[in-house]
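Examination of the molecular architecture
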Amino acid sequence: EMAKEIVERFKGTAIDKVVTIEASGIAPAIMVAYLLDVPVVFGKKKVPSTMDGILKSEVFSFTKSRSYNICLCNSYLQKGERCLFVDDFLANGCALQGLISITEAAGATVEGIGIAIEKGFQEGGYRMRNLGYQLESLAIVESMDPATGKVIFRQE
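In short, a report on the structure. (Residues numbered from 1 in each chain as written. Predicted model: local features only at pLDDT ≥ 70, side-chain atom pairs only at ≥ 80, totals over all residues. Heavy atoms only, no water.)

**Thoughts on the nonpolar core**
Formally: Working definition of a nonpolar core: buried Ala, Val, Leu, Ile, Met, Phe, Trp, Tyr and Cys residues. They are joined through side-chain atoms within 4.5 Å. Only protein chains enter the accessibility calculation, which uses a 1.4 Å probe. A residue is then buried if its area is under 20% of the maximum for its type, exposed if over 50%, and partly exposed in between. Working definition: helices are DSSP H or I runs of at least four residues, strands are E runs of at least two. Numbering for both runs from the N terminus. Contacts are residue-level and defined by heavy atoms, with any inter-residue pair within 4.5 Å sufficient.
Val19, Ile70, Leu77, Phe85, Leu96, Ile113 and Met128 are the most contacted members of the largest nonpolar core, which has 25 residues in total. Looking at this core, the elements with two or more residues in it are strand 1 (17–21), strand 3 (54–61), strand 4 (66–73), strand 5 (82–90), helix 3 (94–105) and strand 6 (109–119). Those residues in contact with Met128 that sit more than four places away from it in its chain are Gly93, Leu96, Gln97, Ile100, Ile113, Tyr133 and Leu135. With 11 residues, the next largest nonpolar core counts Ala3, Ile15, Ala33 and Val38 among its residues.

As structure tokens, then:
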């Protein structure tokens, strides 16, 4: 149902490929790609020794407090392809910015970003929208109280 909603929000947008990052973004991306009848590709968080001709971008993970490279084989994205990014969570947007960099280096374009849950109290959504991307989040968490476990969702 989440994939159906993401597809509905991008109805009328030409998409050639769905792009995500391993690992938890793969499941929603596969379902969206299936419904759109387009391929899905995912960026890896470690550069494999067997992969030649890679595009990579260094990103900082606030969750793990370290930098790492997102990489994608340069043959997976073609010049002129129109991409829809799909992921499970959006926090600060560093991984998305890395994927955008890789996509642009390949000569492809980002047509939109579909997110299952956006952490609205962090800056990723704000950054992506200010960069002009159509960002569609199925739920936006406005705040969380660790003491009580209470989660407040943004009302749209």
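There is more to say, and it comes next.
**Let's talk about the side chain of Asp87**
Using the following cut-off: His is not counted, nor are the chain ends, whereas Lys and Arg count as positive and Asp and Glu as negative. A pairing counts as a salt bridge when a side-chain nitrogen of Lys or Arg comes within 4 Å of a carboxyl oxygen of Asp or Glu.
When you line up the elements, Asp87 lands in strand 5. At 7.4 Å, Lys45 is the nearest oppositely charged side chain to Asp87, a buried residue that forms no salt bridge. Not counting the four nearest positions on each side in its chain, Asp87 is found in contact with Thr20, Gly25, Gly114, Ile115 and Ala116.

**Things to note about unusual backbone geometry**
Backbone torsion omega between Glu22 and Ala23 reads 0 degrees, so that peptide bond is classified as cis. Summarising the element assignment, Ala23 is placed in the loop between strand 1 and helix 2 (26–36). Not every positive phi belongs to a glycine, and Asp37 is a case in point at roughly 60 degrees. Within the element layout of this structure, Asp37 appears in the loop between helix 2 and strand 2 (40–43). You can call Asp37 exposed: its relative accessible area is 69%.

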